[in-house]
Amino acid sequence: MAVLPILEFPDPRLRIRAEPVRAFDASLQQLVTDMFETMYGANGVGLAATQVNVHQRVLVADMSDERNQPLALINPQILEKDGSQVYQEGCLSFPGLYADVTRALRVRVRAQDVHGGEITVEADGPLAVCIQHEMDHLEGKVFVDYLSSLKRALLLKRLDKQRKQAATA
Ligand code: GNR
Ligand code: NI
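Residues numbered from 1 in each chain as written. Chains lettered and ligands numbered in written order. Predicted model: local features only at pLDDT ≥ 70, side-chain atom pairs only at ≥ 80, totals over all residues. Heavy atoms only, no water.

A few points about the site of ligand 1
Part 1 of the reasoning: By nearness alone, 14 residues border ligand 1, and Val45, Gln51, Leu92, Glu134 and His137 come closest of all.
Part 2 of the reasoning: Note that an oxygen atom of ligand 1 is positioned 2.7 Å from one of the side-chain N or O atoms of Gln51.
Part 3 of the reasoning: Leu92 is positioned with one of its backbone polar atoms (N or O) 2.8 Å from an oxygen atom of ligand 1.
Part 4 of the reasoning: A total of 380 Å² of accessible area belongs to ligand 1 in isolation, and the protein chains cover 89% of it.
Part 5 of the reasoning: At the level of secondary structure, the elements contributing two or more residues to the shell around ligand 1 comprise strand E4 (85-89) and helix H2 (125-138).
Part 6 of the reasoning: Counting residues per element, the shell around ligand 1 draws most heavily on H2, which supplies 4 residues.
Part 7 of the reasoning: Split into classes, the residues belonging to the shell around ligand 1 amount to 5 nonpolar, 7 polar and 2 charged. (Near = heavy atom within 4 Å. Polar contact = N/O pair within 3.5 Å; in protein donor to acceptor, adjacent residues only side chain to side chain. Areas by Shrake-Rupley, 256 points an atom, 1.4 Å probe, with all protein chains shown as cover. Helix = DSSP H or I, 4+ residues; strand = E, 2+ residues; numbered from the N terminus. Nonpolar A, V, L, I, M, F, W, Y, C, P; charged D, E, K, R; others polar.)

What follows is the structure, encoded as structure tokens:
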């Protein structure tokens, strides 16, 4: 078990596109265990392998208040999506930064579990947001990519300022 370091923007490794998982072996199980530990340790609701510098198509999530509904998706693919919702998103790779993003309201996702078994997940609301956010990470995409360039510049400037203040505090 290990808490892994989380890459932070603007680390270029956040832009790497993840490769499909082929081996459902002990090292995959270890990765998933470590990702849950890292996500829970950081009080996150989701985590993509990309964020811990592993460029394989693996994501974990837990939207429950009790932190007892772990969901691990390997090689996830969106089969269907519909509707739209605006949700204020954050990201462990952008500590302290939040912005409204518009995404599908509902998604139907086909994925594999840690043992390679096929699973289908239907999600709406916040879980659907989280799954889409994590699947973006696997493509090298991050939530600020959805903002207008003006809004993105403003928020990233604020992030920079927070970091400088934290460094001199
Ligand atoms: O912990 C997280 N919270 C969150 C809040 C709103 C929308 C998406 C998220 S995901 C984020 C964890 C993270 O960065 N996952 O990639
Ligand atoms: Ni994120």
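Details of the side chain of Gln112
Part 1 of the reasoning: With respect to the helices, strands and loops of the structure, Gln112 is situated in strand E6 (residues 106-112).
Part 2 of the reasoning: A polar contact of 3.0 Å, which involves the side chain of Gln112, links it to the side chain of Asn75.
Part 3 of the reasoning: Filtering out sequence-adjacent residues up to four positions away, Gln112 remains in contact with Phe24, Ala72, Leu73, Ile74, Asn75, Gly117, Glu118 and Ile119. (Contact = heavy atoms within 4.5 Å.)

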